[in-house]
Structures are given as structure tokens and as C-alpha cells.
Amino acid sequence: MDLNNTVAIVTGANRGLGRHLAAGLVERGVKVYAAARNPETVDLPGVIPLKLDVTDTESIAAAARTASDATLLVNNAGISTSAPLIVGDIDDVRRELDVNFFGPLTVTRAFAPVIENNGGGTVLNVLSVLSWFHPAALGSYAASKAAAWAMTDAVREELAPRGISVSALHVAYMDTDMAAGVRAEQKIDPADVATQALDGIESGSAEILADDTTRYVKQSLSSSNSA
């Protein structure tokens, strides 16, 4: 995708990876709608703050009407409750699925006709190494990201005839609030992840693997499937 003359909407753009993605797009000359549940928390120069709650269909519909010139959708908003599937709070499990699976699906459903009407474009879904690796302690998060990976692959096939490509960004631990309890040496700089993601969009990559851990897990998955 040529980012020249691109208009992007980034969900969860007020902090973490979303903020870096929005900043990187602005640096590349892209018009950016920086979406967040509380748009007043968006303090990034050069963006257009936009109210969007990925669990609220009315909020999503209103955002699609406002960002009616969008050609790039970045589904970045997500949560982690650290809930295991058996003993964890079932409301936490449902909330993670609502935000991490139904959220990007609903936003994509709303923006697909917008992007198509603007001549086509791209959807980027921010996923995780835990799309493929499912530790019990993070069972709820892993399940939501595995579901989002399956959704990404299916939606890619569904939207291709409409001129919309769909890319997946997979990454392990980043130096963001979500991974605050992880040792620093295990974390990658979200600014570097954002650069890789935007380079991947420009090159038309269907899958962007942002770090060595993610690449190793994906390679191991492929090896186990062929065994």
C-alpha cells in the first residue's frame, strides 16, 4: 500500500503501540484519526482525535461517519486481564473476547464499506505471539488473540474482492503498560514494532512478525504441523 494520500484510523491511539503507530503514520505524511474511548487523552500533535469504543456499536458507527475518507484501518485497541480460563473470572474472559475479537471485527465491518467506497485500502490487525502459543496463565488473552488470528485470515479472503487487503501484526512483549510486569530485557521497543508494521503495510505483507520470539514460535508451529 502506498501511504501517500492515505487516510488512516488507529484504534487505541492514545498510548502504547497505538500512539507509536499514529505518530509513525503522521511522520510519513498520512492523515490520521487517532481513536480512543476518551479522545481528550490523545495528545499527539498532527492527528485528529476521534471518539471510538470498540465495544459500542453506536460509537463505531459514528466514527465511521466521521472518518468517511479512511483507506487504512489499524485495529490496535486491546486489553489483557491475565485471566485463566477455568478459575478466572468469566466476566474477564468475556471482556477480553469483546475487546480483542468482537471489537476489531465490528470495527472492520463498519469501515469495510468506507474503505471500499474510497477505492480500496488496507486493514491491519494487531495480534500477538499468543495467537499460536497458549499458556494457561494467560488463557483468556491467548484465546481472544487466537480467535482474532482466525478472523483475520477469514476476513482477508472475504475482503480481497472488494480491493481491501488485510495484514496481521504478531508481536511478543513490548515495553508498554500491558507488559509492565515483564523483565525489561524481554521487551521490544514499541516504536520499532510500529516501524516494522508500517513498512509491512507499504510492502503488502499479509503477516508481520516483529521480534525473534514471535518468529521462533511461528516457525515451531509450522514445523509441528508438518511433522
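About the thresholds
Residues numbered from 1 in each chain as written. Predicted model: local features only at pLDDT ≥ 70, side-chain atom pairs only at ≥ 80, totals over all residues. Heavy atoms only, no water. Pairing = 2+ DSSP bridges. Helix = DSSP H or I, 4+ residues; strand = E, 2+ residues; numbered from the N terminus. Axes fitted to C-alpha atoms, helices over the stretch in contact; angles between N-to-C directions. Buried < 20%, exposed > 50% of the residue type's maximum accessible area, 1.4 Å probe, protein only. Expected span 1.5 Å × (residues − 1). Contact = heavy atoms within 4.5 Å. 1 Å grid on protein atoms, 1.4 Å probe; cavity = no way out; pocket = protein on both sides within 12 Å on 5 of 7 lines; lining within 4 Å. Points joined across faces, edges and corners; volume = space filled by probe spheres on them. Nonpolar A, V, L, I, M, F, W, Y, C, P; charged D, E, K, R; others polar. Core = buried A, V, L, I, M, F, W, Y, C linked by side-chain atoms within 4.5 Å.

A.B. asks: Can you explain the sheet that holds strand S2 (residues 31-36)? Please cite residues and give values.
C.D. replies: Ordered in space as S3-S2-S1-S4-S5-S6-S7, the seven strands form an open sheet in which the pairing is parallel. Strands with a single pairing partner mark the edges of an open sheet, and in this sheet they are strand S3 (48-51) and strand S7 (207-209). Between one strand and the next, the sheet's axes are offset by a mean angle of 20 degrees, whatever the strand orientation. Strand direction decides the pairing type here: strand S5 (residues 121-126) and strand S6 (residues 164-170), joined by six bridges, are parallel. If you follow Thr-122 over to S6, its bridge partner there is Ser-165.

A.B. asks: I'd like a description of the pairing of strand S4 (residues 72-75), backed by residues and values.
C.D. replies: Burial of the side chains of S4 extends over both faces: Leu-72 and Val-74 are buried on one face and Leu-73 and Asn-75 on the other. Pairing of strand S1 (residues 7-10) with S4, which is carried by three bridges, proceeds in the parallel orientation. Among the inter-strand pairings, Val-10 is bridged to a residue of S4, identified as Val-74. With four bridges connecting them, S4 and S5 associate as parallel partners.

A.B. asks: Lay out helix H4 (residues 139-159) in plain terms, naming residues and giving numbers.
C.D. replies: Since the α-helix packs 3.6 residues into each turn, any two residues three or four apart lie on the same face. With 21 residues, H4 extends 30 Å from end C-alpha to end C-alpha; this agrees with the ideal 30 Å at 1.5 Å per step. Every buried residue of H4 is listed here: Gly-139, Ser-140, Tyr-141, Ala-142, Ser-144, Lys-145, Ala-148, Met-151, Thr-152, Val-155 and Leu-159. Against the buried residues of H4 lie helix H3 (90-117), S5 and S6.

A.B. asks: I'd like to hear about empty space enclosed by the protein, residue by residue, with values.
C.D. replies: Applying the stated criterion to the full structure yields one cavity of 30 Å³ or more. What lines the largest cavity is simply Asn-75, Ala-77, Asn-100, Pro-104, Asn-125, Val-126, Leu-127, Lys-145, Ala-148, Met-151 and Thr-152. Contributing elements (two or more residues each) for the lining of the largest cavity: H3, S5 and H4. Looking at the lining of the largest cavity, the element that brings in the most residues is H4, giving four residues. Counted by class, the lining of the largest cavity contains six nonpolar, four polar and one charged residues.

A.B. asks: So, the nonpolar core: which residues are in play, and what are the values?
C.D. replies: In terms of nonpolar packing, the biggest core is built from 30 residues, with Leu-17, Leu-21, Leu-25, Leu-169 and Val-193 touching the most fellow members. The set of elements that each furnish at least two residues to this core consists of S1, helix H1 (16-27), S2, S4, S5 and helix H5 (190-203). At five residues, the largest contribution of residues to this core is made by H5. For Leu-25, the contacting residues outside a window of four places in its chain are Leu-3, Ala-8, Val-10, Val-30, Val-32, Leu-72 and Leu-198. In this structure, Tyr-33, Phe-101, Ile-115 and Leu-159 belong to the second largest nonpolar core, which totals 26 residues.

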